[in-house]
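Listed below are the residues making up each chain.
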Amino acid sequence: MKVNYLYLVVCLVCLYAGNAARGETPDSPWWLRPHRMLQTNLREIDATMDLNQYVREVKQLGADVVLFNVGGIVANYPTELEYHYRNPHMKGDLLGTVLKRLHAEGIRVIGRFDVSKINEKFAARRPEWLYVSQRGEHVNYNGQVHTCVSGGYQQEYMLEILGEAVDRYPLDGVFFNMIGYQRHDYSGNHHGICQCENCKRRFAQYSGIELPATQNNSPAYRKYVEFTNMMKERQFRRVNAFLKGKRPDLAICTYTSVGVDVIRKESNRALGQGTYHDTDKAKWTMLTCDERQLANAAVHFIAIAHRHAAVSPYLTTRRLWQQMVAGAWLDFYCIGPLQRQEDRTGLDLVGEIYRFHAAHERWLADTVPAGEVGLVRRGEAEYDGILRILSENQVAFELTRLEPTQLDRFPVVIVPDAGGLSRQETDALDRYIGQGGKVLLTGQVPSGLDCLAAVKFVETRTFDKGAYVRIRPEDKQKLAQPILDKLDLVFLKGSFHVYKPGADTAGLLRLIPPDMFGPPEKCYYRHVSNHPALMHRRHGNGAAACFTFGIGAHYEAQAHQGHAALLLGAVDDLLGAKRRLRVSTSPLVEIAHRADRAGRFEWVSLYNHSGQRGNALHAPIPITGIRVAFMPQKPVRKVRLLRADRQLDFIKQDDGLVAVVVPSLDHFEVLLFEY
Ligand SMILES: [Zn+2]
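The rules we used
Residues numbered from 1 in each chain as written. Predicted model: local features only at pLDDT ≥ 70, side-chain atom pairs only at ≥ 80, totals over all residues. Heavy atoms only, no water. Helix = DSSP H or I, 4+ residues; strand = E, 2+ residues; numbered from the N terminus. Rg over C-alpha atoms; globule rule 2.2 N^0.38 Å. Buried < 20%, exposed > 50% of the residue type's maximum accessible area, 1.4 Å probe, protein only. Contact = heavy atoms within 4.5 Å. Areas by Shrake-Rupley, 256 points an atom, 1.4 Å probe, with all protein chains shown as cover. Lys, Arg positive; Asp, Glu negative; His and termini not counted. Charge placed at Lys NZ, Arg CZ, Asp CG, Glu CD. Donors = N, O, S within 2.8 Å, 3.2 Å for Na, K, Ca; no water. Tetrahedral: all angles 85-135°; square planar, octahedral: opposite > 155°, others 65-115°. Pairing = 2+ DSSP bridges. Axes fitted to C-alpha atoms, helices over the stretch in contact; angles between N-to-C directions. Salt bridge = Lys/Arg side-chain N within 4 Å of Asp/Glu carboxyl O. Expected span 1.5 Å × (residues − 1). Bend = angle between axes of the 7 residues up to and from the residue. Parallel < 35°, antiparallel > 145°, perpendicular 65-115°, else oblique. Nonpolar A, V, L, I, M, F, W, Y, C, P; charged D, E, K, R; others polar. Core = buried A, V, L, I, M, F, W, Y, C linked by side-chain atoms within 4.5 Å. pLDDT = per-residue confidence, 0-100.

Some details on the overall build of the protein chain
Item 1. When you go through the protein chain residue by residue, the secondary structure sums to 17 helices and 34 strands.
Item 2. Rg of the C-alpha trace for the protein chain: 28 Å, near the compact-globule value of 26 Å for 675 residues, within the 12% margin.
Item 3. Split into buried and exposed, the 675 residues of the protein chain put 56% on the buried side.
Item 4. When contacts within the protein chain are restricted to residue pairs at least 6 apart in sequence, long-range pairs at least 24 apart make up 72% of them.
Item 5. Within the structure as shown, the protein chain displays about 28400 Å² of accessible surface, and the carbon and sulfur contribution to it stands at 49%.
Item 6. In the protein chain, 84 side chains carry a positive charge and 74 a negative one; their mean positions are 0 Å apart.

Okay, here's the thing in structure tokens:
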């Protein structure tokens, strides 16, 4: 073991000073705070890059963590292991030199390892480590031969590689690429379930049956999927025990959750995956990862086969921003160091967001979600549509599970596609309503929900053409959204659940069953049914309401503002949700609401989506005059725009409400309320 002790001591002192400045304590692992990670995924030829420039560019970008290639396919340090391929372009010790310089700048380093492949010269000597395709062949891709999770390379030799690197270098974390049983190569060719002797033996031991040859819906294949998940978890438990046994302060990061401290994900499609994709992903991961953190890479390139060409700069900023304001890490990934990027069009904007986070860590790094509408993630298009209605109307929401401890923090909770909830979930909802909570369901009323037990299900009808939901004058009094003055119906397509509301349950809106729609002379309906499309029942201080059709899926399909208005009317007017934050602006502005963990401030982030048109993401157009009305928890001392770096005048009403206008939003901003 080669350790330069003086170097170690210097590094520890530097790190400690840096950590103290960032408010980190020895009891709290460093990775639990949101960091700013840069992954410059090095090609072997990048060993010849300018190291001074490398460190300078990381610093200038504002990153405080670098994900740096250490070993596996290529070792970027002078390894002494027999089967670890030294980078032939490297002179000296690339990792050692870079690590020392980055640490001296207070920048942490997570070492990247990829043991999914091994160089062909070693592969020839250790065939028992290799993946075997469905056709009984090894897979050699550009001189790198696929290895198998079941084999000795990934089971034992990987620990030797990790051990050597971690013993020699004071890395801050370890990241694994291409984990699990891979069946494809980089060209997308499918090679099938691994048929190596280790897989055959281990699977037989696990299941008592023979390894399936093909991927299908057979019981053997389902068992195989279970086996691969078990093996992957087992591997990360072992890696975790091995590494933490050596260094408890090492962060373990990869694309799974068992045995991992920082969960890695990627946003990597050339055209993005929907406007709110990263918001949804970050909120969901943060909700379900219990005390851990999320580093979701905003991938620089358009596709694996075109890794030198970047996605739109404004797609990258959207990804980074949506992750950041959900409390996750900033994480940007490109191939090669910044100095060798041939498509640099988006790098300035990446730096702008990174440096914004760095300059305002005090406000951004230790916050908790403060959105007041709880949204349960179920029901695909129904969920997507409701998320979109909330986002486009600046209703600050958070994802929630149907568990008592989680529900209690919301004045109102929305459950999309609510039929089929478990007894445990309906019990949690009843308890929540009993304590004054407001619940909005869509679809079917779940059996077991006491609050709506009196409503009687009649039948589900499915309409393809010609059906509507009638909005009556008496409905408009209860759903007081201004646009409803000009709207007497919305279209209805798909399932409609017919209920008879009980005596103390109000039925709003009415089903207009399908009728004539052609020719124009005959395009009128002759009958409005008595079937409500929205039911409402008060219960103590709480209440439940249910749209008896998929109102979210309707919005997702047509984005008709009528469906949005009905949903918002149900939340704000019918259920009377007391939301503390109201923002009035264009639907193209997305907000998030977070609060300081120690209660010293709250903030509302603003993101301008106006540059988006079809599949193009251009620079946004400034949006002016954004009105914000905020009911603070304590008296507000100051209202500030962090990016514009200016204080705003605000009006304080008698009831304590603070009213403020954000003059202009060019791209992104954080509106800070200081107590
Ligand atoms: Zn295998």
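Next comes the rest of the account.
Concerning the coordination of the zinc ion
Item 1. Looking at the metal site, the zinc ion is ligated by Cys148 (SG), Cys194 (SG), Cys196 (SG) and Cys199 (SG), spaced 2.2 to 2.3 Å from it.
Item 2. Here the zinc ion binds four donor atoms, and the angle range of 98 to 116° at the metal identifies the geometry as tetrahedral.

Focus on the sheet that holds strand S17 (residues 412-415)
Item 1. Read from one edge of the open sheet, nine strands run S16-S15-S17-S18-S23-S22-S21-S19-S20, paired in mixed fashion. Pairing within the sheet leaves two strands with one partner each, and these edge strands are strand S16 (397-400) and strand S20 (489-500). Averaged over neighbouring strand pairs, the angle between their axes works out to 20° when direction is ignored.
Item 2. As defined by bridge partners, strand S19 (residues 456-470) adjoins S20 across 11 bridges and the pair is classed as antiparallel. Looking across to S20, one finds that tyrosine 468 is bridged to phenylalanine 491.
Item 3. Against the sheet, helix H16 (residues 551-558) makes contact with strand S18 (438-442), S20 and strand S23 (542-547), and its axis sits at roughly 165° relative to S20, the strand it touches most.

What about the pattern of salt bridges?
Item 1. Evaluation of the coordinates by the stated rule reveals 39 salt bridges.
Item 2. In this structure, the salt-bridge partner of glutamate 105 is lysine 59, at a minimum N-O distance of 3.1 Å. With a gap of 46 residues between them, glutamate 105 in the loop between helix H3 (94-104) and strand S3 (108-114) and lysine 59 in helix H2 (residues 51-61) connect regions that are remote in the sequence.
Item 3. Its salt-bridge partner being lysine 246, residue aspartate 167 comes within 3.0 Å of it at the nearest N-O pair.

Focus on helix H5 (residues 152-168)
Item 1. Taking 1.5 Å of rise per residue, 17 residues should cover 24 Å, and H5 covers 23 Å from first to last C-alpha, within 8% of that figure.
Item 2. Within H5, the axis deviates most sharply at methionine 158, by approximately 35°.
Item 3. Across the 17 residues of H5, 14 count as buried, placing the element largely inside the fold.

Topic: the packing of helix H6 (residues 197-207) against helix H7 (residues 219-246)
Item 1. Look at H6 against H7: their axes get within 10 Å of each other, and the N-to-C directions meet at 105°. In terms of orientation, H6 lies roughly perpendicular with respect to H7. Of the residues in H7, those in contact with Arg202, Phe203, Tyr206 and Ser207 of H6 are Ala220, Lys223, Tyr224, Glu226, Phe227, Met230, Met231 and Arg234.
Item 2. Split into classes, the residues belonging to the contact of H6 with H7 amount to seven nonpolar, one polar and four charged.

Topic: the nonpolar core
Item 1. Judged by nonpolar contacts, the single largest core of 81 residues is most densely connected at Phe68 and Phe176.
Item 2. Counting residues per element, this core draws most heavily on H5, at eight residues.
Item 3. Contact partners of phenylalanine 68, with chain neighbours within four places excluded, come to Leu42, Met49, Tyr54, Leu94, Leu95, Val98, Val109, Ile110, Gly111 and Arg112.
Item 4. Ranked by size, the runner-up nonpolar core spans 47 residues in total, among them Leu287, Ile414, Val469 and Leu479.

Re the side chain of serine 150
Item 1. By the secondary structure assignment, serine 150 is in the loop between strand S6 (144-146) and H5.
Item 2. Excluding residues that lie within four positions of it along the chain, serine 150 makes contacts with Gln155, Tyr181, Asn198, Cys199, Arg202, Phe227 and Met231.

Thoughts on the pairing of S3
Item 1. With seven of its seven residues buried, S3 lies for the most part within the structure.
Item 2. Going residue by residue along S3, you find Arg108, Ile110, Arg112 and Asp114 tucked away on one face and Val109, Gly111 and Phe113 tucked away on the opposite face as well.
Item 3. Examined bridge by bridge, strand S2 (residues 65-72) and S3 share seven bridges and lie parallel to one another. Its bridge partner being in S3, leucine 67 is matched across the sheet by isoleucine 110.

As for the confidence of the model for the protein chain
Item 1. Per-residue pLDDT for the protein chain has a mean of 94; in total, 96% of the residues score no lower than 70.
Item 2. Contacts from residues 1-23, a stretch scored under 50 in pLDDT, to residues over four places away or in other chains number 23 contacts.

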